[in-house]
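Single-letter residue listing:
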Amino acid sequence: MNVIDLLNRRHNYKFIWHVVLFVSLGGMVAIYPFEQSYFRFSLSVSILSMLLLYFSHLSALFTAILSGFFVLALRSFIYLPLGLNKFFVAFTHNSPAVVYYFIFGIAFHFLKVRQYTKQLPLLIVVLCGIDILGNIAELLARHELANINAEYMITSMVTMAVIRAIIAITGYYGLRKYHAFILAEDQLTRYVAMNMMIAQLKTELFFIKKSASDIEKVMEESYGLYQLLQRKSFFDKAYAEDQMALAQQALSIARNIHEIKKDYYRVTIGIENIIEPSTLEEGIHLSEVFSLIKQNAYRNLTEKNQSVSLEFHYEADVIIKKVYIYTIVSILNNLLINAIEACMDACTIKVGQYFQDDHIVFEVQDNGPGIQKNDLDVIFAVGYSTKFCLETGKMSTGLGLSHAKSLAEFLDGTIHVYSQPHVATRFVVIIPTSKLVDQNDCGSEQ
């Protein structure tokens, strides 16, 4: 078990402690139905039933037993200021209550009470049955069952069982209605805000598209300059004749970059006024990173009219450090878009994350045509590409994988590729967890 699992479990246990404390406090509200007996009917049973019904991820057995011990502790420790004798007397008198919660937890678990939430009469009957069974077990533990009038005992138990079941179910449905109301109100607020945002983003979208076009020009010109300079030799006699052409091309690149800078600055200010930028102040969850690259991939697929299945999964929804958000998005986005461009229709691309020792591992896998064995050694080289535009016949620049490799190394990580043509191609990025993830936030729930 790694650190992430431990932190996730700690988060769940912390929630259980809160539930148990609430139940224990409810145990202080009680009535004593039988004379000369410390047996009591308390509100804690209704609270426990309500919370177990509503929070389906809670372990009924563990929560009930823990609640029993907490109820015992609270009922006993309130007498501690009066002296140890009072404490031990109270502890002795209240110990059998733990038997009730033990029986309650077992019955609730094995009868699968949560499955009856849509069958109200049956739910009441089951809760009443569990309550009565627990009360009988507690009276047996107290050795008082034979000392109480049977008719009065049964009447009291059934009456209180029905009352506590109704309280629990009323609370459960009340919580559900409140949750539904909050969700509806939140959705309405989001709908109104989204409509306003879309209206404002239409203007920003124009400049983003314009900047994207400018970026494409800069990339083509800069790569053309790279190729031209690569062919040139310092001792080439024709070098002087090309100086002016090179200077003009460099000037054109500088002008385009300047134009992009102005547009992007304006777009950034505009979007920041629309969308609250505070979400990046302390980093973002991995699920949000996956959401970003997923939406970008779907837009890419729509433009290409391409049918590809995308699957995303992660082991833990960790928080990526603010300083490396764009870096990890760039790496994964490059690998995902590369897989999309390499795939044909009906391919499946899987993007995943898991932990391996002290490293966080990302994988992008597809079942497309794959990479030939002879090309595996040069696939990350600048300029390597097997893709070209069918409309223009232009080869791809081959910068995406090289860029992803450089960014992975910037994060003190590595990138590897494994491919079996027409079966599976898998890119694996391995990065030290401490480099990318804030260890204080490793316990985020999935």
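Bear in mind that the values here come from a model prediction, so they are computed numbers and not experimental data. (Residues numbered from 1 in each chain as written. Predicted model: local features only at pLDDT ≥ 70, side-chain atom pairs only at ≥ 80, totals over all residues. Heavy atoms only, no water.)

Asks: Where do I start with the overall build of the protein chain in this structure?
Replies: Across its full length, the protein chain holds 12 helices and 9 strands. Residue burial in the protein chain is summarised as follows: out of 446 residues, 37% are buried. Summarising the internal contacts of the protein chain: among those between residues at least 6 apart in sequence, 71% fall at separations of at least 24. Approximately 26,400 Å² of the protein chain is accessible, and the part contributed by carbon and sulfur atoms is 60%. (Helix = DSSP H or I, 4+ residues; strand = E, 2+ residues; numbered from the N terminus. Buried < 20%, exposed > 50% of the residue type's maximum accessible area, 1.4 Å probe, protein only. Contact = heavy atoms within 4.5 Å. Areas by Shrake-Rupley, 256 points an atom, 1.4 Å probe, with all protein chains shown as cover.)

Asks: Sorry if this is basic, but what is going on with the nonpolar core here?
Replies: When a protein is soluble and globular, its nonpolar side chains tend to lie buried together. Counting residues in each nonpolar core, the largest one holds 47 residues, and the members touching the most others are Ile 320, Ile 328, Leu 335, Ile 349, Phe 362 and Leu 436. At the level of secondary structure, the elements contributing two or more residues to this core comprise α9 (286-304), β4 (308-314), α10 (325-342), β6 (347-356), β7 (359-366), α11 (400-410), β8 (414-420) and β9 (424-432). In terms of residue count, α10 provides more of this core than any other element does, 10 residues in total. When sequence neighbours within four positions are dropped, the list of residues in contact with Ile 328 reads Val 289, Ile 320, Phe 362, Ile 431 and Leu 436. Within the second largest apolar cluster, 33 residues are counted, among which are Ile 16, Val 23, Val 45 and Tyr 116. (Core = buried A, V, L, I, M, F, W, Y, C linked by side-chain atoms within 4.5 Å.)

Asks: Help me understand helix α5 (residues 97-110) in this model?
Replies: In an α-helix, one turn spans 3.6 residues; hence positions three or four apart end up facing the same way. The terminal C-alpha atoms of α5 lie 21 Å apart, and with 14 residues this matches the ideal 20 Å at 1.5 Å per residue to within 8%. Among the residues of α5, those classed as buried are Ala 97, Val 98, Tyr 100, Tyr 101, Phe 104, Gly 105, Ala 107 and Phe 108. In the segment just after α5, Lys 112 is the residue with positive phi, at about 50 degrees. (Expected span 1.5 Å × (residues − 1).)

Asks: Can you walk me through the packing of aromatic side chains in this structure?
Replies: Aromatic ring pairs are described here by two measures, namely the spacing of the ring centres and the angle between the planes. Under the definition given, this model contains 17 aromatic pairs. Summarising the aromatic geometry, the rings of Trp 17 and Phe 70 are spaced 5.4 Å apart at their centres and angled 40 degrees between planes, so their arrangement reads as tilted. A residue pair is termed long-range when its members are at least 10 positions apart, and Trp 17 in helix α1 (residues 3-26) and Phe 70 in helix α3 (residues 60-77) qualify at 53 residues. You can call Trp 17 partly exposed: its relative accessible area is 41%. Judged by its relative accessible area of 29%, Phe 70 is partly exposed. Seen from their ring centres, Phe 87 and Phe 88 are 5.3 Å apart, and the 70 degrees between their planes marks the pair as edge-to-face. Under the relative-accessibility criterion, Phe 87 is labelled buried at 11%. We classify Phe 88 as partly exposed; its relative accessible area is 47%. Through successive ring pairs, a cluster of aromatic residues spans Phe 34, Phe 39, Phe 41 and Tyr 152. (Phe/Tyr/Trp six-rings, centres within 6.5 Å; stacked < 30°, edge-to-face > 60°.)

Asks: Can you help me understand the sheet that holds β7 in this one?
Replies: Sheet strands associate in pairs through backbone hydrogen bonding, adopting either a parallel or an antiparallel arrangement. Strand order in the open sheet made by the 5 strands is β4-β6-β7-β9-β8, with mixed pairing throughout. Two strands bound the open sheet, and with one partner strand each, they are β4 and β8. Neighbouring strand axes in the sheet, compared pairwise and without regard to direction, differ in orientation by 15 degrees on average. Lying over the sheet, α9 contacts β4, β6 and β7, oriented at roughly 175 degrees with respect to β4. On top of the sheet, α11 reaches β8 and β9; it is set at about 140 degrees to β8, its chief contact. (Pairing = 2+ DSSP bridges. Axes fitted to C-alpha atoms, helices over the stretch in contact; angles between N-to-C directions.)

Asks: I'm lost on the environment of Asp 366 in this one. Help?
Replies: Within the fold, Asp 366 resides in strand β7. Taking relative accessible area as the criterion, Asp 366 reaches 6% and is therefore assigned buried. In this structure the C-alpha to C-alpha distance between Asp 366 and Val 423, which are 57 residues apart in sequence, comes to 8.4 Å. In this view, Asp 366 contacts Ala 339, Cys 343, Thr 348, Ile 349, Val 423, Ala 424 and Thr 425; residues no more than four positions away in its chain are not counted. Only 2.8 Å separates the side chain of Asp 366 from the backbone nitrogen of Gly 368, close enough to count as a polar contact. (Polar contact = N/O pair within 3.5 Å; in protein donor to acceptor, adjacent residues only side chain to side chain.)

Asks: Whenever I open this one, helix α2 (residues 44-54) confuses me. Can you help?
Replies: Counting buried positions over the 11 residues of α2 gives 10, a clear majority of the element. Taken residue by residue, α2 has Ser 44, Val 45, Ser 46, Ile 47, Leu 48, Ser 49, Met 50, Leu 51, Leu 52 and Leu 53 as its buried positions.

Asks: Teacher, can you tell me more about the pattern of salt bridges here?
Replies: Opposite charge on two side chains permits them to pair, given that their charged atoms come into close proximity. Applying the stated criterion across every chain, the model contains 5 salt bridges. Arg 164 is the salt-bridge partner of Asp 131, the closest N and O atoms lying 2.7 Å from each other. Placement of Asp 131 in helix α6 (residues 120-142) and of Arg 164 in helix α7 (residues 150-231) is noted, with a sequence separation of 33 residues between them. Judged by its relative accessible area of 2%, Asp 131 falls in the buried class. (Salt bridge = Lys/Arg side-chain N within 4 Å of Asp/Glu carboxyl O.)

Asks: Is there a simple way to explain unusual backbone geometry in this structure?
Replies: Trans peptide bonds make up most of the peptide bonds, and negative phi angles are found at most residues other than glycine. A positive phi angle, near 65 degrees, is found at Asp 412, a position not held by glycine. Relative to the elements of secondary structure, Asp 412 occurs in the loop between α11 and β8. Judged by its relative accessible area of 51%, Asp 412 falls in the exposed class. Here His 422, not a glycine, exhibits a phi torsion of approximately 65 degrees, which is positive.

Asks: Just checking my understanding: could you explain the packing of α9 against α10 for this structure?
Replies: Angle between the axes and distance between the axes: these two values describe a pair of packed helices. Interhelical geometry of α9 versus α10 gives an angle of 30 degrees and a closest axis separation of 10 Å. In terms of orientation, α9 and α10 fall into the roughly parallel class. When you trace α9 past α10, the crossing you get is right-handed. Touching Val 289, Phe 290, Leu 292, Ile 293, Asn 296, Ala 297, Asn 300, Leu 301 and Lys 304 of α9 are Ile 328, Val 329, Leu 332, Asn 333, Leu 336, Ile 337, Ile 340 and Glu 341, all from α10. Its residues assigned to classes, the contact of α9 with α10 comprises 12 nonpolar, 3 polar and 2 charged. (Parallel < 35°, antiparallel > 145°, perpendicular 65-115°, else oblique. Left-handed = near helix turned anticlockwise from the far one by under 90°. Nonpolar A, V, L, I, M, F, W, Y, C, P; charged D, E, K, R; others polar.)

Asks: Where do I start with a nonpolar patch on the surface in this structure?
Replies: Taken together, the side chains of Met 28, Ile 78, Tyr 79 and Leu 82 make up a nonpolar region of the molecular surface, amounting to roughly 380 Å² of accessible area. Inspection of the secondary structure assignment puts Leu 82 in the loop between α3 and α4 (84-94). (Patch = residues over 30% accessible without salt bridge, like charges linked within 9 Å, V, L, I, M, F, W, Y side chains within 5 Å.)

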